[in-house]
Amino acid sequence: IQHHEWERTPALFVHSSLCAQLEWDYLKGSRKGRSNDYLDFSRLAVALNDTDVVFCDHSMASLIRQSSLAKDSSLPEICSFRELGKAIDCLESRL
């Protein structure tokens, strides 16, 4: 991306990255889509930019971890509802 235009709209960058990862997974056949996936992306785009901990379902947590976003050290802690112990530890460490 020339001139770092994404830095002006970080939520759009996150949203686009999640969409790209989901579409890649569809093409590989490793993930089936659900009707609410794209609605989740809007919420996650804000949460991944403005929070310290993000709670989501397991499939979204996996998608985030597989995406190019996972390389960003400023990404908040991602906890799925299957990882309840990790989620509790995350919350307790921030109190």
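Residues numbered from 1 in each chain as written. Predicted model: local features only at pLDDT ≥ 70, side-chain atom pairs only at ≥ 80, totals over all residues. Heavy atoms only, no water.

Q: Can you tell me about the layout of surface pockets, naming the residues and giving the values?
A: Reported here for the largest pocket is a volume of approximately 220 Å³. Taken together, 13 residues line the largest pocket, and the ones lying closest to its centre are V14, L48, N49, D72 and S74. Looking at the lining of the largest pocket, the elements with two or more residues in it are α1 (10-28) and α2 (37-50). When its residues are assigned to classes, the lining of the largest pocket shows 7 nonpolar, 4 polar and 2 charged. (1 Å grid on protein atoms, 1.4 Å probe; cavity = no way out; pocket = protein on both sides within 12 Å on 5 of 7 lines; lining within 4 Å. Points joined across faces, edges and corners; volume = space filled by probe spheres on them. Helix = DSSP H or I, 4+ residues; strand = E, 2+ residues; numbered from the N terminus. Nonpolar A, V, L, I, M, F, W, Y, C, P; charged D, E, K, R; others polar.)

Q: Give a description of the pattern of salt bridges that names residues and reports values.
A: Two side chains that carry opposite charge are able to pair once their charged atoms sit near each other. Counted by the stated rule, this structure contains 3 salt bridges. When the shortest N-O distance is used, the salt bridge between K28 and D25 registers 3.8 Å. Of the two residues, K28 and D25 both sit in helix α1, 3 residues apart, roughly one turn of that helix. Relative accessible area serves as the criterion here: at 49%, K28 is assigned to the partly exposed category. Residue classification places D25 among the buried positions, given a relative accessible area of 3%. (Salt bridge = Lys/Arg side-chain N within 4 Å of Asp/Glu carboxyl O. Buried < 20%, exposed > 50% of the residue type's maximum accessible area, 1.4 Å probe, protein only.)

Q: Tell me about the pairing of strand β2 (residues 77-80), and name the residues and values.
A: As paired strands, strand β1 (residues 53-56) and β2 are joined by 4 bridges and run parallel to one another. Directly across from V54, in β2, lies its bridge partner I78. What joins β1 to β2 is helix α3 (residues 58-66), and the crossover it makes is right-handed. (Pairing = 2+ DSSP bridges. Right-handed = clockwise from strand over helix to strand, strands pointing away.)

Q: Please give an account of the nonpolar core that cites residues and values.
A: Counting residues in hydrophobic clusters, the biggest one holds 17 residues, and the most contacted among them are L18, F41, L44, L48, C56, I64 and I78. Counting only elements with at least two residues in this core, the list comes to α1, α2, β1 and α3. Examining the composition of this core, we find that 5 residues originate from one element, α2, more than from any other. (Core = buried A, V, L, I, M, F, W, Y, C linked by side-chain atoms within 4.5 Å.)

Q: Go over α3, please, and point to the residues and values.
A: Burial in α3 covers these residues: M60, A61, L63 and I64. Taken end-on, α3 shows its buried residues confined to a sector of 160°, consistent with a single buried face. Check the buried side of α3 and you find it contacts α1, α2, β1 and β2. (Arc of directions from axis to C-beta. Contact = heavy atoms within 4.5 Å.)

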